[in-house]
Amino acid sequence: MWGNYKKETIAMLLAGGQGSRLGVLTNSVAKPAVPFGGKYRIIDFTLSNCVNSGIDTIGVLTQYQPLELNTYIGSGQPWDLDRLSGGVTILPPYVKGSSGEWYRGTANAIYQNIHYIETYDPEYVLILSGDHIYKMNYELMLEDHKRKGADCTISVLNVPLEEASRFGVMSTDEDFRIYEFEEKPENPKSTLASMGVYIFTWKKLKEYLTKDEKDENSNNDFGKNIIPGMIQSGERVFAYEFKGYWRDVGTIESLWEANMDLLDPSVPIYLDDPKWRMYSRNSVLPPHYVGEAARIKDSFITDGCMIEGSVENSIIFPGVNIRPGAVIKNSIVMSSAIIEEDVIVEYSIIAPEAKIGKGAKIGVCDNQDELQRRSNITVIGRGCMIGNCAEIKVGMTISESVPKREEV
């Protein structure tokens, strides 16, 4: 161990996922680095949860397209994680001996970083994902873990039965001890769904990671191998029920819906809660400008924007320019995008630095049921140029520039 750096609890944050279901939004960035909510990245939620829960030592495991995520996290200063003892550490796959090795699964990713964990000689290790939107006090979960003398505690949500097959599902006794764990079962026996938040007693986790690494038939995955193995061996594995807001933003539709939730006062996300501060890295920009003819209703407008058109039920990121006559409804417009005169954008996500030419129509569709439209989100990729008067149909994803007056 390097010096006297012992920590009772450290967090390992899995942030290497490709996020392929987010399509063009993750062509050049890892899913946890995808922008969210006007001035955040998805990973801000997990990092802020750690800081607010008193966890100051976090290993961030990266792999797919890590450059922007690494740059965003930097030294960890915005989250008060730039520390000599602990703080945040980026943990990419690395060369060992004469060759390197990609992380083969969630469990293998942790196994490859056993040396980092043992630097801090922890009693408990918190395993997290960097791609969920939620605010959670991990300290309360840790107290429950200690109180029950658990080897592993899994945070769960009670979900509708028809949705349970999308998750890892647990069956428990009256004390919430788990006796069965099924990963995405076709016919779920329970509605307790895993949130992908685990607390392990480190000595026990190390034992099972080492055993799993030696199994050539293993998927090296927590949900498929480590946790079922612990349950089958009679280890003390418990569920911890979380009752707050939580959303997996792994698809275009779920990302759009989670952003729209921020505009709904009945949804308890509360990003401005002074008791549970949300931290992020943001550039210093001038205040937004709203023109005399502009109209804004039920929307988030962030710093550095110039709004001269109409914005309704939408989230507008920093540096966006919306010119006169443009109409933005039920949409997300990300940083530095330009929306020219007389453009109409509905039920869409406009990625950073995209430019929508004069008179273009994005995601506009007549005579379509509202519920159908909500499940068909149009996406314009990063830096794409949409020509004047072009029409992009509902549900289309655009990854390359489109010339003027061409219908796609």
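This text goes with the structure placed above it.
No experiment lies behind these values; they were computed from the predicted model shown.

(A) Examining the overall build of the protein more closely. Each helix and strand in the protein was counted, giving nine helices and 33 strands. A compact globule built from 408 residues should have a C-alpha radius of gyration of about 22 Å, and the protein, at 23 Å, falls within 12% of that. Taken over 408 residues, the protein has a buried fraction of 53%. Summarising the internal contacts of the protein: among those between residues at least 6 apart in sequence, 58% fall at separations of at least 24. For the protein, the accessible area works out to roughly 18,400 Å², and carbon and sulfur atoms hold 46% of it. Of the charged side chains in the protein, 42 are positive and 56 negative; the average position of the first set lies 2 Å away from that of the second.

(B) Representation of unusual backbone geometry. Not every positive phi belongs to a glycine, and Asp 80 is a case in point at roughly 60°. You can see Asp 80 is positioned in the loop between helix H2 (67-73) and strand S5 (87-91). For Asp 298, which is not glycine, the phi torsion reads 50° and is therefore positive. Mapped onto the fold, Asp 298 is located in the loop between strand S17 (295-297) and strand S18 (300-301).

(C) Quick look at the packing of aromatic side chains. In total, this model carries eleven aromatic pairs according to the counting rule given. Look at Tyr 40 and Phe 45: their rings are 6.4 Å apart centre to centre, the planes differ by 55°, and that puts the pair in the tilted class. For Tyr 40, a relative accessible area of 7% puts it in the buried group. Aromatic pair Trp 256 and Tyr 347: ring centres 5.7 Å apart, planes at 40°, arrangement tilted. In this pair, Trp 256 is assigned in helix H8 (residues 252-261) and Tyr 347 in the loop between strand S26 (344-346) and strand S27 (348-350), connecting sequence segments 91 residues apart. Using a relative accessible area of 1% as the deciding quantity, one classes Trp 256 as buried. One aromatic cluster in this structure is built from Phe 36, Tyr 40 and Phe 45. One cation-aromatic arrangement involves Arg 41 over Tyr 72; the distance from NZ or CZ to the ring centre is 4.9 Å. Above the plane of the ring of Tyr 208 lies Lys 211, whose end atom (NZ or CZ) is 4.4 Å from the centre.

(D) Structural detail: the pattern of salt bridges. The full count for this structure, using the stated rule, is 19 salt bridges. In the salt-bridge network here, residues are joined through shared partners; they are Lys 7, Asp 56, Asp 80 and Arg 83.

(E) Focus on empty space enclosed by the protein. In total, this model carries one cavity of 30 Å³ or more according to the counting rule given. In terms of residue class, the lining of the largest cavity is built from nine nonpolar, one polar and three charged.

(F) Representation of the sheet that holds S17 within the structure. Across the sheet, six strands lie side by side as S17-S20-S23-S26-S29-S32; this open sheet has parallel pairing. Edge positions in the sheet fall to S17 and strand S32 (391-392), since each has one partner strand and no second.

(G) Seen up close, the sheet that holds strand S25 (residues 338-339). The six strands are arranged S16-S19-S22-S25-S28-S31 in an open sheet whose pairing can be described as parallel. Whereas interior strands pair on both sides, the edge strands pair on one side only; in this sheet they are strand S16 (289-290) and strand S31 (385-386).

Each value, and the rule that gives it
- Residues numbered from 1 in each chain as written.
- Predicted model: local features only at pLDDT ≥ 70, side-chain atom pairs only at ≥ 80, totals over all residues.
- Heavy atoms only, no water.
- Helix = DSSP H or I, 4+ residues; strand = E, 2+ residues; numbered from the N terminus.
- Rg over C-alpha atoms; globule rule 2.2 N^0.38 Å.
- Buried < 20%, exposed > 50% of the residue type's maximum accessible area, 1.4 Å probe, protein only.
- Contact = heavy atoms within 4.5 Å.
- Areas by Shrake-Rupley, 256 points an atom, 1.4 Å probe, with all protein chains shown as cover.
- Lys, Arg positive; Asp, Glu negative; His and termini not counted.
- Charge placed at Lys NZ, Arg CZ, Asp CG, Glu CD.
- Phe/Tyr/Trp six-rings, centres within 6.5 Å; stacked < 30°, edge-to-face > 60°.
- Lys NZ or Arg CZ within 6 Å of the ring centre and 35° of its normal.
- Salt bridge = Lys/Arg side-chain N within 4 Å of Asp/Glu carboxyl O.
- 1 Å grid on protein atoms, 1.4 Å probe; cavity = no way out; pocket = protein on both sides within 12 Å on 5 of 7 lines; lining within 4 Å.
- Points joined across faces, edges and corners; volume = space filled by probe spheres on them.
- Nonpolar A, V, L, I, M, F, W, Y, C, P; charged D, E, K, R; others polar.
- Pairing = 2+ DSSP bridges.

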